[in-house]
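Coordinate inspection notes
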Amino acid sequence: STQSTGETLSQVKREEFRGLLELDKQIRSYHVSVNPYTWFTMDAIEDSWQNLLRTVKERDLRIEKETLRQAQNEELRRAYATQANKFHEWLQLTKSQLTNTKLGLEEQRDLISRKHDEIKKRRAVLKEIEELSSHLEQAMVFDNKYTTHSALTLAQQWDQLNEFTRRMHHTVQDQIEALSRTGVDEDELKEFTLMFKHFDKDRSGRLDHPEFKACLRSLGFDLPVPVEGEPDVAFEAILDYVDRDRDGFVRLEEYMQFMISRTTENVAGTDELTEAFRALTEGGDKPYITATELYSAMPSDQAKYCIDRMDKYPDVPGALDYTNFTKAIFQLNTSVNSG
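Residues numbered from 1 in each chain as written. Predicted model: local features only at pLDDT ≥ 70, side-chain atom pairs only at ≥ 80, totals over all residues. Heavy atoms only, no water.

**What about the packing of aromatic side chains?**
This structure, assessed with the given rule, holds seven aromatic pairs. Taken together, a centroid distance of 5.9 Å and an interplanar angle of 40 degrees make the contact between Phe 212 and Phe 235 tilted. With Phe 212 in helix H7 (residues 209-218) and Phe 235 in helix H8 (residues 233-242), the pair connects residues that are 23 residues apart, well separated along the chain. Of the two residues, Phe 212 and Phe 235, neither departs from the other in class, the shared state being buried. Between Phe 221 and Phe 258, the ring centres sit 6.1 Å apart and the planes meet at 35 degrees, which makes this aromatic pair tilted. Within this pair, whereas Phe 221 is found in the loop between H7 and H8, its partner Phe 258 is found in helix H9 (residues 252-280), the two being separated by 37 residues in sequence. You'll find Phe 221 and Phe 258 in the same group, each marked buried. One aromatic cluster is present, formed by Phe 196, Phe 212, Phe 235 and Tyr 255 through successive ring pairs. Above the plane of the ring of Trp 158 lies Arg 123, whose end atom (NZ or CZ) is 5.5 Å from the centre. (Phe/Tyr/Trp six-rings, centres within 6.5 Å; stacked < 30°, edge-to-face > 60°. Helix = DSSP H or I, 4+ residues; strand = E, 2+ residues; numbered from the N terminus. Buried < 20%, exposed > 50% of the residue type's maximum accessible area, 1.4 Å probe, protein only. Lys NZ or Arg CZ within 6 Å of the ring centre and 35° of its normal.)

Structural data, given as structure tokens:
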């Protein structure tokens with residue numbers, strides 16, 4: 001230790017100086033003023049020794065101060081890491097709770113509202129972490145073996161989670177409103193959401209264009225494979241709706257708005273076409289139609305197109321199912337932006 005070094009030097013001084021003084025007395029007793037075997041006088045040796053002791057003492061003080069500084073820095077590292085690791089765990093848990101929920105829409109909305117309030121309150125914790133990080137920087141401490149999370153990264157993740165929650169609340173609210181004003185039901189909305197989450201592998205709340213295209217195809221969109229070197233007209237038309245700023249990503253709320261809009265259009269169009277076929281039936285109220293009724297109401301080529309594609313209506317000879325036909329027509333039309 002630094003203390004034992006000083007003590008050792010003091011002990012050496014006592015032993016050596018006793019011997020040197022004794023020799024010096026003997027030499028002086030012979031009235032010898034100059035020693036031809038050395039240039040060093042007793043006074044010079046004593047001065048050098050005192051300087052050495054002062055140097056050792058100063059070094060010991062510096063080491064003691066540095067040891068204290070390092071201990072304080074280590075304590076600061078641990079304090080920062082404890083807060084940072086805990087905050088990161090909370091970020092991950094909160095996002096998991098928001099993305100993996102199987103609740104109904106209104107329950108989701110309530111959960112998101114609670115979580116959004118919690119996220120805003122946690123900003124105070126993030127501020128404490130940022131202050132600890134500032135203290136570390138002021139102490140010139142840039143390494144921390146107790147954590148891998150920087151204050152800057154945690155702040156970015158908090159911002160992303162806050163924005164993600166805000167967008168989620170907006171999306172769920174839109175879905176709730178869509179249930180009340182359109183023909184879209186909650187099962188369809190759940191299917192849309194689950195499909196989006198399936199392709200959102202990194203849980204970022206957004207899909208890049210290839211992921212979005214794969215998602216649409218999984219939902220039944222008939223997107224043709226473009227000829228090499230030719231533009232992907234059908235898909236680009238959809239992107240004009242969902243990724244207007246062309247930042248390369250489709251966010252959950254943009255995707256849901258698109259799916260709700262398309263489904264609403266199809267529901268309205270299907271209902272109108274179904275009613276048009278129903279009006280052509282005998283009495284205007286039958287759930288099926290015959291080939292004769294089709295030929296009498298439209299040009300022969302159009303009638304033949306419908307007859308070739310309509311399923312037989314069960315238990316009624318010669319009857320055709322126009323309801324499933326209209327649904328199939330509008331499902332096919334979701335592959336292009338014009339519907």
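**Some remarks on the nonpolar core**
Counting residues in hydrophobic clusters, the biggest one holds 49 residues, and the most contacted among them are Phe 212, Leu 216 and Tyr 255. Of all the elements in the fold, those that place two or more residues in this core are helix H2 (42-99), helix H3 (105-121), helix H4 (123-138), helix H5 (151-181), helix H6 (186-199), H7, H8 and H9. At ten residues, H5 tops the list of elements feeding residues into this core. One finds Phe 277, Ile 289, Leu 294 and Cys 306 within the second-largest nonpolar core, a separate group that totals ten residues. (Core = buried A, V, L, I, M, F, W, Y, C linked by side-chain atoms within 4.5 Å.)

**Section: a nonpolar patch on the surface**
Together, Ile 27, Tyr 30 and Val 32 line one region of the surface with nonpolar side chains, adding up to about 300 Å² of accessible area. For Ile 27, a relative accessible area of 34% translates into the label partly exposed. (Patch = residues over 30% accessible without salt bridge, like charges linked within 9 Å, V, L, I, M, F, W, Y side chains within 5 Å. Areas by Shrake-Rupley, 256 points an atom, 1.4 Å probe, with all protein chains shown as cover. Salt bridge = Lys/Arg side-chain N within 4 Å of Asp/Glu carboxyl O.)

**Quick look at the environment of Phe 199**
With respect to the helices and strands, the residue Phe 199 is situated in helix H6. C-alpha separation for the pair Phe 199 and Phe 212, spaced 13 residues apart in sequence, amounts to 7.7 Å. Filtering out sequence-adjacent residues up to four positions away, Phe 199 remains in contact with Leu 207, Glu 211, Ala 214, Cys 215 and Ser 218. (Contact = heavy atoms within 4.5 Å.)

**Remarks on the side chain of Arg 251**
Mapped onto the secondary structure, Arg 251 falls in strand S2 (residues 249-251). The class of Arg 251 is buried, set by a relative accessible area of 17%. Polar side-chain contacts of Arg 251 include one of 2.9 Å to the side chain of Asp 247. Not counting the four nearest positions on each side in its chain, Arg 251 is found in contact with Arg 167, Phe 196, Gly 205 and Arg 206. (Polar contact = N/O pair within 3.5 Å; in protein donor to acceptor, adjacent residues only side chain to side chain.)

**Concerning the sheet that holds strand S5 (residues 319-321)**
Taken in spatial order, the three strands line up as S3-S5-S4 in an open sheet, and their pairing is antiparallel. Each edge of the sheet is formed by a strand with only one pairing partner; in this case those strands are strand S3 (289-290) and strand S4 (311-312). Two elements, S3 and S5, share two bridges in a ladder whose sense is antiparallel. Paired with Thr 290 across the two strands is Ala 319, which belongs to S5. (Pairing = 2+ DSSP bridges.)

**A few points about H7**
By the burial criterion, the buried members of H7 are His 209, Phe 212, Lys 213, Cys 215 and Leu 216. Buried residues of H7, viewed axially, fall in a sector of 160 degrees; they line one side. Between a side-chain oxygen at the N-terminus of H7 and the backbone nitrogen of Glu 211 the separation is 2.9 Å; the capping residue is Asp 208. Where H7 ends, the next residue or the one after it, Gly 220, has phi of about 105 degrees, a positive value. (Arc of directions from axis to C-beta.)

**Observations regarding the packing of H2 against H3**
Direction vectors running N to C along H2 and H3 enclose 165 degrees, while the axes themselves pass 11 Å from each other. Classified by the angle between their axes, H2 and H3 sit roughly antiparallel to one another. The hand of the H2/H3 crossing is left-handed. In this structure, H2 uses Trp 90, Thr 94, Gln 97 and Leu 98 to contact H3, whose residues at the interface are Leu 111, Ile 112, Lys 115, Glu 118 and Ile 119. (Axes fitted to C-alpha atoms, helices over the stretch in contact; angles between N-to-C directions. Parallel < 35°, antiparallel > 145°, perpendicular 65-115°, else oblique. Left-handed = near helix turned anticlockwise from the far one by under 90°.)

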